[in-house]
Amino acid sequence: MLKEIVHVLIEDKVISLDFWMNLKEKQISEQDRNANFFFEVSKFTKDRYRMFVEALRKGGHSHLADMLEIKQQDLKVIKTPTALGPKNERIKKENIPKNSKSKSPPEPISKQDRTPSEIKRENSELRNQLTTISSHVGHLHTVTQNIAGSLVSQSKTFVAEKESFVQRIQNIEEHEKYLELQDTNLKQEMVIKHLRSEIVDLKVDLNHQINQLEIKLKDANVKRELKQQETENLLSKITGIKTQMQSLSKDLDLEREEK
């Protein structure tokens, strides 16, 4: 609260800058600092106190200003009798003529005309009000600290939840990558199975073709053997014929020689 109104108080010269800097630099709690400040306020003059109340209003603390404002009708004015003559004899009511004009009520007595006991009592009441306000300020400070602590705790909880959420996202992403890899592996296995099936079919087809070729080769070998046998037979016949021809030639030659 002080930080919100202190610049107004310094500008209006209600308090000095040195006083505020000394109070600010003291190594004390905020509640004690407020108590020291309000103790200084209790020593303000009437004008300075009025300026202090106005500063509270400007700072947005109208409810505190209303509590601290000393209204004229709240002051108890002590009526002092009018003195006449050198002996200060009091004019009695019965001695006032009936046809005399009534005088206007006396002006409110200023602070200088009040008795020391009244001033002391008013200062005591003012100090009590300032003590109450200081207590309220201390309570507000405690509540503010509790709220700040709660916000810090909630912030830590939020950070922890955020880290947990980020970790969960990372785990989900890693799981998705694993599933993609598994899916890729599954697809590869399916492709491999398909290729294996095609290879098996090709092997069966090749084996069938090989069997057909072997059968044809056997048939060709048989035919070749038969042809070879026929060829050998023909060669044998040709050889026999040649032998016969040679024999006939010899016989002819012998016959020629005999002739």
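Throughout this document, residue positions are counted from 1 along each chain, in the order its sequence is written. Restriction of local features to residues with pLDDT of at least 70 applies here, the model being predicted, together with a cutoff of 80 or more for giving and counting side-chain atom pairs; totals for whole chains, interfaces and linings are based on all residues. Computation of side-chain values: all heavy atoms of the structure, hydrogens and water removed.

**Digging into the nonpolar core**
Then, number 1: Core analysis: the largest hydrophobic core is formed by 23 residues, its most contacted members being Leu-9, Ile-15, Phe-37, Val-41, Tyr-49, Phe-52 and Leu-68.
Then, number 2: Helix and strand assignments come from DSSP, with helices taken as H or I runs of at least 4 residues and strands as E runs of at least 2, each series counted from the N terminus. Breaking this core down by element, the ones donating at least two residues are α1 (2–11), α2 (17–25), α3 (30–41), α4 (46–58), α5 (62–68) and α6 (116–258).
Then, number 3: The greatest single-element share of this core, amounting to 5 residues, is contributed by α4.
Then, number 4: Contacts are assigned to residue pairs with any non-hydrogen atoms lying within 4.5 Å of each other. Here Leu-9 is in contact with Val-14, Ile-15, Phe-37, Met-51, Phe-52 and Ala-55, once residues within four sequence places are set aside. For this analysis, a nonpolar core means a set of buried residues of the types Ala, Val, Leu, Ile, Met, Phe, Trp, Tyr and Cys, connected via side-chain atoms within 4.5 Å. The buried label applies to any residue whose accessible area, calculated with a 1.4 Å probe on protein chains only, is under 20% of its type's maximum; exposed applies above 50%, and partly exposed to all values in between.

**Observations regarding α3**
Since the α-helix turns once every 3.6 residues, residues separated by three or four places project in the same direction.
Then, number 1: Between its terminal C-alpha atoms α3 stretches 16 Å, which fits the 16 Å expected from 12 residues at 1.5 Å a residue.
Then, number 2: Turning to α3, its buried residues are Arg-33, Asn-34, Phe-37, Phe-38 and Val-41. All buried residues of α3 lie within an arc of 130° about the axis, which places them on one face of the element. A helix's residues, less one, multiplied by 1.5 Å, set its expected span. Arc definition: it is the arc formed by the directions from the helix axis to the C-beta atoms.

**Let's talk about the packing of α2 against α3**
Then, number 1: Between α2 and α3, the shortest axis-to-axis distance is 10 Å and the interhelical angle comes to 155°. With respect to each other, α2 and α3 are oriented roughly antiparallel. For the element pair α2 and α3, the recorded crossing hand is right-handed. Touching Phe-19, Leu-23 and Lys-24 of α2 are Arg-33, Asn-36, Phe-37 and Glu-40, all from α3.
Then, number 2: Note that Gly is not counted as nonpolar here; it falls among the polar residues with everything else outside the nonpolar set of Ala, Val, Leu, Ile, Met, Phe, Trp, Tyr, Cys and Pro and the charged set of Asp, Glu, Lys and Arg. Classifying every residue of the contact of α2 with α3 by side-chain character gives 3 nonpolar, 1 polar and 3 charged. In this analysis an axis means a line fitted to C-alpha atoms, helices contributing only their contacting stretch, and an angle means the value between N-to-C directions, from 0 to 180 degrees. In this scheme, roughly parallel covers angles under 35 degrees and roughly antiparallel covers those over 145, while 65 to 115 is roughly perpendicular and the rest are oblique. Handedness of a helix crossing follows the sense of rotation of the near helix relative to the far helix, less than a right angle counterclockwise being left-handed and clockwise being right-handed.

**Here we look at the UniProt feature "coiled-coil region" (unreviewed entry) in the protein chain**
Then, number 1: UniProt positions are given in the numbering used here, feature names are shortened, and annotations may be inferred rather than shown by experiment. The UniProt record marks residues 203–230 with the feature "coiled-coil region" (unreviewed entry), using the residue numbering of this structure.
Then, number 2: For residues 203–230, the end-to-end C-alpha separation is 39 Å, with 100% helix and 0% strand making up the annotated structure.

**Focus on the confidence of the model for the protein chain**
Then, number 1: A score between 0 and 100, pLDDT records how confident the predictor is in each residue. Mean pLDDT over the protein chain stands at 75; residues scoring 70 or higher make up 74%.
Then, number 2: Ranking the helices and strands of the protein chain by mean pLDDT puts α2 first, with 88, and strand β1 (residues 83–84) last, with 38.
Then, number 3: Counting interchain partners and residues more than four positions distant, the pLDDT-below-50 stretch residues 72–111 has 19 contacts.

**Observations concerning the side chain of Ser-42**
Then, number 1: One can find Ser-42 in the loop between α3 and α4.
Then, number 2: Taking the relative accessible area as the measure of exposure, Ser-42 reaches 8% and is therefore buried.
Then, number 3: Pairs of N or O atoms within 3.5 Å make up the polar contacts considered here, provided that, within protein, one atom can donate a hydrogen while the other can accept it, and that residues adjacent in sequence are counted only when both atoms are side-chain atoms. One polar contact links the side chain of Ser-42 to the main-chain carbonyl oxygen of Phe-39, over a distance of 2.4 Å.
Then, number 4: Contacts of Ser-42, omitting those with residues within four sequence positions, involve Leu-126, Arg-127 and Leu-130.

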